[in-house]
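# What the coordinates show
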Amino acid sequence: MAHAYTPGLKVMPCTLLKKKRLLPIPGTVLAVLGQQVGSLDIVAQTELPGKVFSVNVANRLSVGPDEIRNFMVKKEGEAVKRGDTIAENKPFLKWFKTVVEAPVDGTVEAISLITGQVLLREPPKVLPIKAYVKGTVVEVTPSFGVTIEAEGTFIQGIFGVGGETNGEIAVAVSSPDEDLTPEDIKENHKGKIVIGGKHASLTTIKRAIELGVNAIVVGGIHDRDLRQLLGYDIGVAVTGTEQLGVTVIVTEGFGAIPMAEYTFKLLSSRNGEKASVSGATQIRAGVMRPEIIVPGYPKNVTECKKDQGRGWIEPGDPIRIIREPHFGVIGTVKSLPPELTMIGSESHARVLEVTLDGGEVIVVPRANIEVLEK
Amino acid sequence: MSKKDLEIIIATDCGSTTTKAILIEKKGDTYRQTFRGEAPTTVEAPFEDVTKGVLNSITEVEELSGRKILDGERIITPNSGNVGADIYVSTSSAGGGLQMMVAGAVKAMTGESAQRCALGAGAIVMDVLASNDGRADHEKIERIRQLRPDMMLLSGGTDGGTITHVVELAQFLKAADPKPRLGASYKLPVIYAGNNKAHDQIKEILGDRTALIITENLRPTLEKENLMPARHKIHDIFLEHVMQQAPGYPRLMKMVGAPIMPTPAAVGTMTEKFAKANKFNVLAVDIGGATTDVFSVFSEVFNRTVSANLGMSYSISNVMAEAGLANILRWLPFDIDEQDLRNRLKNKMIRPTTIPQTVEDLQIEHAVAREALRLAFDQHKALAVGLKGVQQERSISDAFDQTASGASLINVMRLDYVIGSGGILAHSPRRTQSMLMMIDAYQPEGVTRMAVDSIFMMPHLGVLAQISEKAALDVFYNDCLVRLGTCLAPKGLAKEGQLVMEWEVTGSDGSRQAGELRFGDIIHVPFAAPKARLVARPVKGFDMGAGSGSRVEADIEGGVVGLVLDGRGRPFCLSKDPSKRRDDMNKWYKAMGMYPV
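Owing to the predicted nature of the structure, the values given are computational and were not obtained by experimental measurement.

### Quick word on the overall build of chain B
Each helix and strand in chain B was counted, giving 17 helices and 24 strands. In summary, chain B has a C-alpha radius of gyration of 25 Å against a globular reference of 25 Å for 597 residues, a match within 12%. Residue burial in chain B is summarised as follows: out of 597 residues, 53% are buried. Contacts in chain B between residues far apart in sequence, at least 24 positions, make up 70% of those at least 6 positions apart.

See below:
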């Protein structure tokens, strides 16, 4: 049977997930193999070397760089507190005395007799890594972290902003093609993951931030609203570090696009349960999409399938069109003609025939569709 | 083996997503590219071995050509009958290419020289540090620590000059203690190409913390730039350190018959060879999904820049952010709601592999492409400059012509040849689209020939040119370049409809065409003859390269598009009235036969 390879976002009622939780530089692993961890447990931590500050002692004392050694009060490696004297001159008249103070707490890293600068390093900062998902430690990477395994519902979004967070799922609309309005966000949504329908406006997102909602999941947002929310245009889709006070996950794309019914139903089936979400998106080689993970099974599921995505399409598959002129339209694959076909733009591309709900058949480039879960 | 024995050559380019192989065969006295194959690049998991993709792409060439090239995982050399190849060469940009950080004492002087040096070697420059770059010292140190380059180039000071700044930079580098991107347990390679008086101090500061390599100063005096020794060191380290850490590269290095080159370095080599062989000023561009590379050779000086976030898919939204929505809208022959356009471009960013299905969507992508090409060219012009800080003697008459030191080397009136590559230029449904996109983005003046590299063969040919310049140039002329034709654009401004130039073209086949060009018009003349003679008589106030109103005779090329006579004037200004602007666009697109009606 004719089929074609297609990438798709994962929307799975239950799957076995593995999450690597690693430090950027070596440190101490706190969790042990086989340990059950909660999403907020710290599994590893390290100390990031402190920031380095330079002080131009030669300039401040009006001496040559090679002379500063004679005026240093603190030596290399010595600890200093902010405001401590690190160097001073010794004039005959004390009115002419100049004192160089440490601008930060830290240690004297280096004294340069060529540049006349003294480098001070701030104390190290502790960097902890949380488990993020509830599960079992199945692998320990010495000095760096752990791999956690968990069974749960796994849903990928297409784009997100904001980092990792946790909370109870709260479905705030009754259907996937309903807008998530500011009025839908209630005070009891504080600390929760609010699920909307086709669109959230800037006012809705601001209301969510005001009320302390941890994350919003909706079908689409307008780019103009995103720009106003961030204060800048996102140039390249590398996100996850924004400090907005809320994580926003878009499941379908930019615009007002109803959330796929399957995704909405799945999220609704886990209403009230604790979830881990991340808005981090990287669309480059080694793509990373935002995600929603809810540990455990939905009530109607009895076994956890390993991987439902088969990676190709066949006639009969439900698909969504992801580019104009039919952006967002849902249909069923009718056939997959193998030959290159000229499309409206006069490019020659591999295409498929799609039957729409009303029975109309249209031709769409294969690159412009996404498979929907059945 | 001597060079003249080369008959069969196999070359690959390992890109971040695709590995492309081409077969080159000697037919009589000429080398021709005969077959090509491609396969997904296998640098990432689960394969983590670049040679798998290389072997797959060569297998495809074997199947298409019927020539047996591989014996298991070994390339059969030399060629004999229908078996083997005489040499295998390769370039690579897989795994993110060569990523460098550079530092110089003064941003506009040694900082810029160091940047040119690294870019010319094919690197992506992640950041340029300088004593006067406006950042606080701790910010510089923080930056060095955050970025994990493959290697670092440290320069600063002229030979025998002050050492303070360069020593300060070295101390910051030591304090940051940066780690290389690949192989965290290795020391970061640092090339020192600064003041020769500071060698001892630099060794003392960085000798034990980094893998320090000292080479000649890249700016020995203010008046002289000496980039080649440092560039060679960059290539050495690329091969010895960076490539050794990348998955499968040690094996690939054993397979090749010439050193592997970073892809952009190979394209640069080919651009230089082509410019030198024809005594041309050349501009070459490769516009991809994420980045746009620009190469130029002007007055025999080679420059390369890479605009890391200007591209047609991953970076499409950044083109909008940098150019501004109004600049994209100005190229569209129809009205579109701003919110709709914003959402469309963002949807392309998050689903980068989708393709335009309608003419309207194609026109939007072409509008973005013009802006990406223009912005990348602006960045190129800013870096392709004469040396700054050089004292110039001025006479009284020069006082009226105040060109500062560091003026751009790029002069579009003296530009002879433009070569475009990358999906949007190479695979446009109509070639007229590629040609007008480049004309709009670069706004060439006078006589400018144009071509596209339709299957991006320049990397393969650049690395091959190290072994056989003849083979590389033969294939370049015969198989790589698709000649579009020539753009004739008189420089000057007039009222719409006013006569600006009379022209006459005689092809090598004896065909003759002539006519008049009026201001505000574009005339497209299909003209396929590979060589032709142009006589252009611009009116007073218009310049075709010989001065206002002066007659010009020049050799030009026809091609798959032919001649484009651009009477829109230079500097090129679009109407401020949106409806007039859209009418103009429709008129020009119609004249060029750009889109289906």
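Resuming the write-up.
### Regarding the overall build of chain A
Helix and strand counts for chain A stand at 4 helices and 31 strands. Against the globule reference of 21 Å for 374 residues, chain A gives a C-alpha radius of gyration of 28 Å, more extended than a compact globule. If you line up chain A on its principal axes, its C-alpha atoms span 100 × 50 × 45 Å. Across the 374 residues that make up chain A, the buried fraction comes to 41%. Relative to all contacts within chain A whose residues are 6 or more apart in sequence, the contacts with residues 24 or more apart total 64%.

### A few points about the interface of chain A and chain B
Taken residue by residue, the interface counts 42 residues in chain A and 43 residues in chain B. For the side of chain A that touches chain B, the secondary structure elements donating two or more residues are β6 (52-56), β10 (106-111), β11 (117-121), α3 (223-230), β21 (247-254) and β30 (361-365) of chain A. No other element matches β6 of chain A, which puts 3 residues into the side of chain A that touches chain B. Tallied by class, residues from the side of chain A that touches chain B come to 20 nonpolar, 13 polar and 9 charged.

### Quick look at the pairing of strand β1 (residues 8-14) of chain B
Residue and element names in this part refer to chain B. Counting buried residues in β1 gives 7 out of 7 residues, a clear majority hidden from the surface. Because side chains alternate across β1, one face comprises the buried residues I8, I10, T12 and C14, and the other comprises I9, A11 and D13, equally buried. Relative to strand β2 (residues 18-27), β1 is paired through 7 bridges, and the arrangement is antiparallel. Directly across from A11, in β2, lies its bridge partner I22. Here β1 folds back onto β2 in antiparallel fashion, the turn holding 3 residues. Pairing between β1 and strand β6 (residues 87-92): 6 bridges, direction parallel. The residue bridging I10 from the neighbouring strand is Y88, located in β6.

### As for the packing of helix α8 (residues 263-278) of chain B against helix α15 (residues 458-465) of chain B
All names here are of chain B. For the pair α8 and α15, interaxial distance at closest approach is 7 Å and the crossing angle is 75°. What the angle tells us is that α8 and α15 run roughly perpendicular. For the pair formed by α8 and α15, the contact residues are T263, A266, V267, G268, T269, M270 and K273 on the first element and M458, P459, L461, G462, V463 and A465 on the second. For the contact of α8 with α15, the per-class residue count stands at 8 nonpolar, 4 polar and 1 charged.

### Some words on the sheet that holds strand β5 (residues 42-48) of chain A
All names here are of chain A. Ordered in space as β3-β5-β12, the 3 strands form an open sheet in which the pairing is antiparallel. Lying at the two open borders of the sheet, with one neighbouring strand each, are β3 (28-29) and β12 (125-130). Where β5 and β12 come together, 6 bridges link them in antiparallel fashion. Across the sheet, I42 pairs through a bridge with K130, a residue of β12.

### As for the sheet that holds β11 of chain A
All names here are of chain A. Taken in spatial order, the 4 strands of this open sheet run β6-β11-β10-β7, and their pairing is antiparallel. Edge positions in the open sheet fall to β6 and β7 (79-80), since each of these has one partner strand only. In this sheet, β10 lies alongside β7 in antiparallel orientation, the contact comprising 2 bridges. By the bridge assignment for β10, V80 is matched with G106.

### Comments concerning unusual backbone geometry
Going from T77 of chain B to P78 of chain B, the amide bond is cis rather than trans, its omega being -10°. Looking at the secondary structure, you find P78 of chain B in the loop between β5 (74-75) and β6. With phi around 80°, E346 of chain A is a residue other than glycine that occupies positive phi space. By the element assignment, E346 of chain A lies in the loop between β27 (341-342) and β28 (348-349). With 14 C-beta atoms packed within 10 Å, E346 of chain A lands in the partly exposed category. The phi dihedral of S299 of chain B is positive, around 50°, even though this residue is not glycine. As for its placement among the helices and strands, S299 of chain B is situated in the loop between β14 (292-298) and β15 (301-307).

### Re the pairing of β6 of chain B
Residue and element names in this part refer to chain B. A large share of β6 lies buried, amounting to 6 of its 6 residues. Burial along β6 is two-sided: I87, V89 and T91 and Y88, S90 and S92, pointing in opposite directions, are all buried. Relative to strand β12 (residues 261-262), β6 is paired through 2 bridges, and the arrangement is parallel. Bridge pairing in β12 links S92 to P262.

### Considerations on the domain arrangement of chain A
Where interface size is quoted, it is often the accessible area lost as the parts come together. In terms of domain boundaries, chain A breaks down into domain 1 (4-16 + 151-295), domain 2 (52-121) and domain 3 (314-371). For domain 2 of chain A versus domain 3 of chain A, the separation of C-alpha centres amounts to 71 Å.

### Quick notes on the domain arrangement of chain B
Structurally, chain B comprises domain 1 (3-94), domain 2 (97-249) and domain 3 (282-387 + 407-592). On a C-alpha basis, the centroid separation for the pair domain 2 of chain B and domain 3 of chain B is 36 Å.

### What to know about the packing of α15 of chain B against helix α16 (residues 469-480) of chain B
A pair of packed helices is characterised by two quantities: the angle between their axes and the separation of those axes. Residues and elements named next belong to chain B. The interhelical angle for the contact between α15 and α16, taken along N-to-C directions, is 160°, at an axis separation of 7 Å. Taken together, the axes of α15 and α16 lie roughly antiparallel to each other. Classified by chirality, the crossing of α16 by α15 is left-handed. Together, M458, L461, L464 and A465 of α15 and E469, A471, A472, V475, F476 and C480 of α16 make up the contact between the two elements. The class makeup of the residues in the contact of α15 with α16 is 9 nonpolar, no polar and 1 charged.

### Overview of the nonpolar core
By size, the foremost hydrophobic cluster in this structure holds 249 residues, and its most contacted members are I216 of chain A together with A118 and L153 of chain B. If one sorts the elements of this core by residue count, helix α12 (residues 359-383) of chain B sits on top with 9 residues. Beyond its immediate stretch of four places on either side in the chain, A118 of chain B contacts M100, V102, A123, V125, L153 and I234 of chain B. Residues I321, V354, I369 and V371 of chain A belong to the second largest nonpolar core, which totals 12 residues.

### Some details on the confidence of the model for chain B
Regions with low pLDDT should not have their predicted coordinates read in detail. For chain B, mean pLDDT is 89; residues scoring 70 or higher make up 94% of the total. Across the whole predicted complex the pTM is 0.85, and at the interface the ipTM reaches 0.86.

### Notes on the environment of L375 of chain B
Residue and element names in this part refer to chain B. Here L375 lies in helix α12. The class for L375 is buried, based on 20 C-beta atoms found within 10 Å. Residues L375 and A441, 66 residues apart in the sequence, show an inter-C-alpha distance of 8.5 Å. Setting aside residues up to four positions removed in sequence, L375 forms contacts with S307, L310, V319, E322 and A323.

### Some details on helix α2 (residues 107-120) of chain B
Of all 14 residues in α2 of chain B, 12 are buried; the element is thus mostly enclosed. Of the residues flanking the end of α2 of chain B, it is G122 of chain B, one or two places downstream, whose phi is positive at about 95°.

### Some thoughts on helix α9 (residues 316-323) of chain B
One turn of the α-helix equals 3.6 residues, which is why residues spaced by three or four share an orientation. Along α9 of chain B, the positions that sit buried rather than exposed are I316, S317, N318, V319 and M320 of chain B. Along its buried surface, α9 of chain B packs onto α10 (325-329), α11 (338-350) and α12 of chain B.

### Examining the environment of L120 of chain A
Residue and element names in this part refer to chain A. Along the chain, the position of L120 falls in strand β11. On the neighbour-count criterion, L120 (25 C-beta atoms within 10 Å) is buried. With 135 residues separating them in the primary sequence, L120 and G255 have C-alpha atoms 50 Å apart. Apart from residues lying up to four places away in sequence, L120 is in contact with F53, V55, V80, A102, V104, G106, V108 and E109.

### As for the environment of R32 of chain B
The residue R32 of chain B is located in strand β3 (residues 30-40) in this model. For the pair formed by R32 of chain B and N478 of chain B, sequence separation is 446 residues and the distance between their alpha carbons is 7.0 Å.

Criteria and thresholds
Residues numbered from 1 in each chain as written. Chains lettered and ligands numbered in written order. Predicted model: local features only at pLDDT ≥ 70, side-chain atom pairs only at ≥ 80, totals over all residues. Helix = DSSP H or I, 4+ residues; strand = E, 2+ residues; numbered from the N terminus. Rg over C-alpha atoms; globule rule 2.2 N^0.38 Å. Buried ≥ 20, exposed ≤ 12 C-beta atoms within 10 Å, placed from the backbone. Contact = placed C-beta atoms within 7 Å. Nonpolar A, V, L, I, M, F, W, Y, C, P; charged D, E, K, R; others polar. Pairing = 2+ DSSP bridges. Axes fitted to C-alpha atoms, helices over the stretch in contact; angles between N-to-C directions. Parallel < 35°, antiparallel > 145°, perpendicular 65-115°, else oblique. Domains from an automatic or database assignment. Left-handed = near helix turned anticlockwise from the far one by under 90°. Core = buried A, V, L, I, M, F, W, Y, C linked by C-beta atoms within 7 Å. pLDDT = per-residue confidence, 0-100.

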